[in-house]
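Structural overview for review
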Amino acid sequence: MTRSRYFFNSSIIRQNFRQHGWIGIIYALGLLFALPLQMFMSNNPNAEPQEIDNLFRIVGEMQMVFIVSIPVVAGLFIFYYLQSKSPSDMWHSLPLRREHLLTSHLVSGLLLLLIPVWLTAAVVAMVRQWGGNLYIFQGNDIWSWCITVSILTLFLFCLSVFVGICSGQSVLQGIIIYALLLLPAVGILLMNSHLSMYLYGYPELSAFHNNLENWSPFIRMMNISGNPFSSVELWIYGGLSALFIGLSYLLYRKRHSEKAGQTIAFAYFNPLFKAGIMVCFMLIAGNYFAQMKQQQIGWVISGYAIGAVVGYIAAEMIIRKTWQIMTHKVPVEFAIYTALLGLLLYIPASGLTGYENKVPSEDKISGVFAGSSYWMYNRNGDSYSGNFLTDADLFSNDKQYIEAVRKLHLAVTATRPENKSSKPYYDYSQYQSFTVAYSLDNGRELLRKYLVPLKGFEPELKAVMESEGFKRAQYAVSQLEKDIDLIRINNSVGNLNKQVVISDPAEITEFKAILTKEILNMSYEDQTDDKAAVANIAPIVNIDGIGSSSFFNYSWSASYHELEKWMEEKGYADKVRSNAEDVESAKLVKVDHNRSPENVYDPELLLELADKENQVIVTEDKALLADILKQQRYYSYKNSNYLVKVQYKGGYTDFTMLKASDLTPGLKALLR
């Protein structure tokens, strides 16, 4: 009697099992299909068992399809009575308290969902030693999988219950659940795009570098194969589950039965709902028009205004469940929402906060980074990403280097060189992309990104780029100081198949020492020169015995004379370098035409247009072809330079450039 009246009602649980037992059955079948069955499935008849460090390596995405959907479905069906008037009246007319009802339904749902998880773990433990199992793992891996899936199932079910209590429609309940699972990541992306368009120096970050999966439970779960949940994350999800349960008990006591069928069950959530919808629409529309009509402020403001109108109307129609929303209060309310949200979006992007001119003083800086390789920084350090750069590899505490970077930063913020990426086309080789990151004494990090023109900033750029701290981070020198199993040097030309693999430990040591020396000796001119690299250099390491990986590719630069000499002495150089015998012919044309912007990005089209004007010169002379290969530069459209189409044997073609100063007497005579 006491258990039935004050704790939970076993009759309700049995009724839920009869009515919704199919949910547990589908969940069990889905997990059994996605894990134990997949342990024996392979389309390779000769597949050998492979060792894995967690069970999500076994088609983890397929497992997650069931894990992110079934608990939500359970919440929708078990608490469907809240969203329909007749069932709601019936359940709430029973001589049971709200807490009593909620506890019984929660217990029902958890039993339906957790028993399949534990059953699957037990099956995996039983079949682990069976013949035909293609995976080798430990018993602890099964415990880890079981705990992780149990907590994620609990989290999703509790979230579904909480949203169900706050809303009055099952369809909306499902939409809101997945919107909440994605919203943090989407919001960061939209805000990131918004700020990057207006704040000078704002580093627009990619999804990867924003660690978006850590902000979106949905993305995080779908990417679980390569990055299992840590214990801290599981505690967070467990804590959130407890929070949702607590809030569900609190709100369920105040929920009116008459709210069944209404969009939002609690009126005080309406402003938050409207504001959220409006902000999303404003950011989407504003970003769209700003991207499509750059530098046209009228279009941009119109985009935000259109987003505000559409967002407000959509929110009102959803809340009222009708398109007839116009009342005398609507214009005033819309104006207030728009003004407040407009300020919310404008102030951070306006620069009023001092963001654009902020350069920390030297005494507050503990480390500094400047360069373009910051995005290889792997904070998570997972083994599948390889041994990428760490704090110690990237940041330098050299005082002279810190001051050089500060001077460059101050010069850029003072003059604010135009970001010419908004122009139809321009020559990237005349700019240096810089991400500047300061590690501050207070533990924070200040990050900015600029496109600095080489012209006008030579002293500042030279001081930074010739510093050892810059070269060590920019060219990942620290990675050459680690153990390397092989070094693969291959030609970048597609079909030549020219490659050398160095495996002798003594030669690897010599090669690493010479390459390190060459990198650290590079001058400012060497680094800003656009001479084409001779070949690619890929150090190969073995990651945890799982497989080989090349964590960073280096270039065999034309300025590496000592390396070239070593390669020639070892007999490797001619096995890698392109030579005149690899080339059938070359077409040359001087770029001095006033082409339309859409043509200059297409060198083939540029060559065709020049050919129609009889301005293309073709040579098959081996000596001239050798001169071209030796002097060639990366293609970029520049007037007065020479566009070269190199036709290799086997059909591969490559477009390069020559400057007037690169022309040998033979090439000058040819082009005369």
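Residues numbered from 1 in each chain as written. Predicted model: local features only at pLDDT ≥ 70, side-chain atom pairs only at ≥ 80, totals over all residues. Heavy atoms only, no water.

**Details of the overall build of the protein chain**
The condition that has to hold: The helix and strand labels rest on DSSP assignments: H or I over at least four residues marks a helix, E over at least two residues marks a strand, and numbering proceeds from the N terminus. Here the term buried applies to any residue with accessible area under 20% of the maximum for its type, exposed to any over 50%, and partly exposed to those in between, with areas from a 1.4 Å probe on protein chains only. Should any heavy atoms of two residues lie within 4.5 Å, those residues are counted as being in contact.
Broken down by element type, the protein chain carries 27 helices and 15 strands. Dimensions of the protein chain, computed from the C-alpha atoms along their principal axes, are close to 105 × 75 × 60 Å. Split into buried and exposed, the 672 residues of the protein chain put 48% on the buried side. Long-range contacts, defined here as pairs at least 24 residues apart, represent 75% of the contacts in the protein chain between residues at least 6 apart.

**Quick look at the sheet that holds strand S4 (residues 431-440)**
Stated formally: Strand pairing is assigned whenever DSSP detects at least two bridges linking the two strands. Lines fitted to C-alpha atoms define the axes here, with helix axes fitted over just the stretch in contact, and angles between the N-to-C directions of these axes take values from 0 to 180 degrees.
Ordered in space as S3-S4-S5, the three strands form an open sheet in which the pairing is antiparallel. Only two strands of the sheet have a single neighbouring strand rather than two, namely strand S3 (365-371) and strand S5 (445-453). Across the sheet, the mean angle separating the axes of adjacent strands is 15° when strand polarity is ignored. Relative to S5, S4 is paired through nine bridges, and the arrangement is antiparallel. Among the inter-strand pairings, Tyr438 is bridged to a residue of S5, identified as Leu446. The sheet contacts of helix H16 (residues 399-415) involve S3, S4 and S5, and relative to S3 the element is tilted by about 60°. Sitting on the sheet, helix H17 (residues 458-465) is in contact with S3, S4 and S5, with an inclination near 60° to S4.

**Some words on the sheet that holds strand S15 (residues 653-658)**
Strand-to-strand pairing in sheets goes through backbone hydrogen bonds, with the strands running parallel or antiparallel. With respect to topology, five strands assemble into an open sheet ordered S12-S11-S14-S15-S13, the strand pairing being antiparallel. Only two strands of the sheet have a single neighbouring strand rather than two, namely strand S12 (617-619) and strand S13 (633-634). When strand S11 (residues 583-590) meets strand S14 (residues 642-648), the two strands line up antiparallel, connected through seven bridges. Bridge pairing in S14 places Lys590 opposite Tyr642. Relative to the sheet, helix H26 (residues 622-631) contacts S11, S12, S13, S14 and S15, its axis offset from that of S11 by approximately 70°.

**Some points on the packing of aromatic side chains**
Definition in use: Classification of ring pairs rests on two measures: the distance between centres of Phe, Tyr or Trp rings, Trp counted by its six-membered ring, which must be within 6.5 Å, and the angle between planes, read as stacked under 30 degrees, edge-to-face over 60 and tilted in between. Put simply, a charge is over a ring when the Lys NZ or the Arg CZ is close to the ring centre, within 6 Å, and near the line of the ring normal, within 35 degrees.
As enumerated under the stated definition, the model contains 22 aromatic pairs in all. With 5.5 Å between their ring centres and 45° between their planes, Tyr81 and Trp91 make a pair best called tilted. Residue Tyr81 is found in the loop between helix H4 (70-78) and helix H5 (85-92), and its partner Trp91 is found in helix H5; the two are separated by 10 residues along the sequence. Across the pair, exposure class does not vary: Tyr81 and Trp91 are buried alike. When the centroid spacing of 6.1 Å and the interplanar angle of 45° are considered together, the rings of Phe155 and Phe244 count as tilted. Taken together, the positions of Phe155 in helix H7 (residues 139-166) and Phe244 in helix H11 (residues 231-254) put the pair 89 residues apart, joining distant regions of the chain. For Phe155, a relative accessible area of 3% corresponds to the buried category. Relative accessible area serves as the criterion here: at 13%, Phe244 is assigned to the buried category. Put simply, the rings of Phe155, Phe162, Phe229, Tyr237 and Phe244 touch in pairs and so form one group of aromatic residues. Directly above the ring of Phe229 sits Arg220, whose terminal nitrogen or CZ lies 4.3 Å from the centroid.

**Quick notes on the nonpolar core**
Rule in force here: Among buried residues, those of type Ala, Val, Leu, Ile, Met, Phe, Trp, Tyr and Cys that are joined through side-chain atoms within 4.5 Å constitute a nonpolar core.
With 66 residues, the main nonpolar core has Leu55, Trp145 and Met221 as its most contacted residues. Those elements that provide at least two residues to this core are helix H2 (10-34), helix H3 (60-67), H4, helix H6 (98-127), H7, helix H8 (170-198) and H11. Sort the elements by how many residues they give to this core and H7 lands first, with 16 residues. In this structure Met221 touches Met64, Val68, Leu152, Phe155, Leu156, Phe229 and Tyr237, once residues within four positions along its chain are discounted.

**Some thoughts on the side chain of Lys498**
As a reminder, the rule being used: Each polar contact in these results corresponds to two N or O atoms within 3.5 Å; when the atoms are within protein, one needs to be able to donate a hydrogen and the other to accept it, and residues that are neighboring in sequence are counted only if both atoms are side-chain atoms.
Relative to the helices and strands, Lys498 is located in the loop between strand S6 (486-490) and strand S7 (499-502). Under the relative-accessibility criterion, Lys498 is labelled buried at 14%. Of the polar contacts made by the side chain of Lys498, one reaches the backbone oxygen of Arg577; its length is 2.8 Å. Of the polar contacts made by the side chain of Lys498, one reaches the side chain of Asp582; its length is 2.8 Å. With near-sequence residues (within four places) excluded, Lys498 lies in contact with Ile489, Asn490, Asn491, Asp574, Lys575, Val576, Arg577, Ser578, Asn579 and Asp582.

**Notes on the pairing of S6**
Of the two faces of S6, only one is covered, namely that formed by Ile487 and Ile489; the face formed by Leu486, Arg488 and Asn490 stays uncovered. Pairing of S6 with S7 involves four bridges; the strand directions are antiparallel. Bridge pairing in S7 places Arg488 opposite Val501.

**With respect to unusual backbone geometry**
Not every positive phi belongs to a glycine, and Val59 is a case in point at roughly 45°. Of note, Val59 is situated in the loop between strand S1 (50-51) and H3. Taking the relative accessible area as the measure of exposure, Val59 reaches 31% and is therefore partly exposed. Although it is not a glycine, Ala476 adopts a positive phi angle of roughly 50°. The topology assignment puts Ala476 in the loop between helix H18 (468-474) and helix H19 (477-480).

**Some words on helix H14 (residues 330-350)**
Just so we agree on the cut-off: Here a helix's expected span is defined as the number of its residues, less one, multiplied by 1.5 Å. For this quantity, the arc is that covered by the directions from the helix axis to the C-beta atoms.
Under the 1.5 Å per step criterion, the end-to-end length of H14 is 29 Å for 21 residues, consistent within 8% with the ideal 30 Å. Those residues of H14 that fall on the buried side of the exposure criterion are Val330, Tyr337, Leu341, Leu345 and Ala349. The buried residues of H14 occupy an angular sector of 90° when the element is viewed end-on, so they sit on one face. Exposed positions of H14 whose direction lies more than 90 degrees from the buried face are Val332 and Leu340.

**With respect to the pattern of salt bridges**
Two side chains bearing opposite charge may form a pair once their charged atoms approach each other closely. Condition: Here, a salt bridge means any side-chain nitrogen of Lys or Arg that lies within 4 Å of a carboxyl oxygen of Asp or Glu.
Taken as a whole and judged by the stated rule, the model has 22 salt bridges. Here Lys85 ties to Asp89 by a salt bridge, and the two come within 3.0 Å at their closest N and O atoms. With a gap of four residues between them, Lys85 and Asp89 both fall in helix H5, about one helical turn apart. The exposed category is assigned to Lys85, whose relative accessible area is 57%.

**Thoughts on the packing of H3 against H7**
Stated precisely, the cut-off is as follows: Asp, Glu, Lys and Arg are counted as charged, while Ala, Val, Leu, Ile, Met, Phe, Trp, Tyr, Cys and Pro are counted as nonpolar; the rest, among them Gly, fall into the polar class.
The N-to-C vectors of H3 and H7 enclose an angle of 35°; their axes lie 11 Å apart at closest approach. Side by side, H3 and H7 meet where Gln63, Met64 and Ile67 of the first sit next to Trp145, Val149, Leu152, Thr153 and Leu156 of the second. Of the residues that constitute the contact of H3 with H7, the class distribution is six nonpolar, two polar and no charged.

Everything listed is a geometric property; what it means functionally is a separate question.
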